[in-house]
Amino acid sequence: MSNLNNFVAIDWRSGPDRIYFFFKDTDTYSRFDIGDNSVSKNYPASTSGSWDTFDPYTKDLRFGLTTTSFGWNAGSDEDIAWLFFYQGTTPMVCKYDQDNDKVAAFYKVADSIWKPILPYFDKIIAGTWFQLTGHPFLFRFILDDGHYLSFNYKAKTLTRNRFGEYQLGALKPYKDRIITAAQNDRTFADSYWYIFLTNNQYLTYNIQSDRLVSGPTTINDDNWPGLLRG
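Residues numbered from 1 in each chain as written. Predicted model: local features only at pLDDT ≥ 70, side-chain atom pairs only at ≥ 80, totals over all residues. Heavy atoms only, no water.

1. Looking at the pattern of salt bridges
1) Next: Taken as a whole and assessed by the stated rule, the structure comprises 8 salt bridges.
2) Next: We note a salt bridge from Asp33 to Arg18, for which the minimum N-O separation is 3.6 Å. Here Arg18 lies in strand β2 (residues 18–23) and Asp33 lies in strand β3 (residues 28–33), a separation of 15 residues in the sequence.
3) Next: Between Asp33 and Arg31 there is a salt bridge, with the nearest N and O atoms lying 2.9 Å from each other. Judged on exposure class, the residue Asp33 and its partner Arg31 are both buried.
4) Next: Shared partners join several salt bridges into a network, and the residues in it are Lys123, Asp144, Asp145 and Arg160. (Salt bridge = Lys/Arg side-chain N within 4 Å of Asp/Glu carboxyl O. Helix = DSSP H or I, 4+ residues; strand = E, 2+ residues; numbered from the N terminus. Buried < 20%, exposed > 50% of the residue type's maximum accessible area, 1.4 Å probe, protein only.)

Laid out in structure tokens, this is it:
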């Protein structure tokens, strides 16, 4: 898999931190273990039989993100991957229980806690839980037109801004190259957002300091060991 194009990256917080990569053209996926800094040798693997009742929709996945103890009936340590996709022409979201490794529920986006983002659903290419100090319910969604959404779940507010208006100015030069993104929540005060670009490159963006740490950097077997494996 020498060229990364049509794929979705999603962070994983249950157990050891990971990032999952869904390659939609081949309907396969890989698991990057952050602690080991590598993709294990048995990947990429078929999504079939690996994602419970979400299996039929992996090729329709548009973006996703992870939350901890957030949403309906949240326990004290509930790790959830929210997987956004189309079922026919209907925007849907799967609530995937990471702790039990199975689907907890499916919802129409219009009937979910994510309803405010519905008017922008077609334009969203990535999202993440920002968790800035003092703003524990803040989310950011990258749009495909050089803008981003700020969604505050608790305040029930949604704003749309250009890159560089308040935040994310470092992404402005790359607005037409962003494919997907996933967070590495290294510490509460220091999290990285990996922004994947065309031409097999990526950016490392520090969420808390709102700055570009590095990039664009070409993906290889030194910085993302095993990710380019076919």
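Don't stop here, the text continues.
2. Description of the sheet that holds strand β7 (residues 79–87)
Sheet strands line up and pair through hydrogen bonds in the backbone, either parallel or antiparallel.
1) Next: Ordered in space as β6-β7-β8-β9, the 4 strands form an open sheet in which the pairing is antiparallel. Unpaired on one side and paired on the other, β6 (61–68) and β9 (102–108) mark the two borders of the sheet. With direction set aside, neighbouring strand axes in the sheet form an average angle of 25°.
2) Next: Of the strand pairs in this sheet, β6 and β7 are connected by 7 bridges, and their pairing is antiparallel. Note that in β7 the partner of Gly64 across the bridge is Leu83. (Pairing = 2+ DSSP bridges. Axes fitted to C-alpha atoms, helices over the stretch in contact; angles between N-to-C directions.)

3. Considerations on the packing of aromatic side chains
1) Next: Applying the stated criterion to the full structure yields 44 aromatic pairs.
2) Next: The structure contains a cluster of three or more aromatic residues connected by ring pairs, namely Phe63, Trp82, Phe84, Tyr86, Trp114, Phe121, Trp129, Phe137, Phe139, Phe141, Phe151 and Tyr153.
3) Next: Sitting over the face of the ring of Phe130, Arg140 holds its NZ or CZ atom 4.7 Å from the ring centroid.
4) Next: Here Lys156 stacks its cationic end above the ring of Tyr153, 4.0 Å away from the centre of that ring. (Phe/Tyr/Trp six-rings, centres within 6.5 Å; stacked < 30°, edge-to-face > 60°. Lys NZ or Arg CZ within 6 Å of the ring centre and 35° of its normal.)

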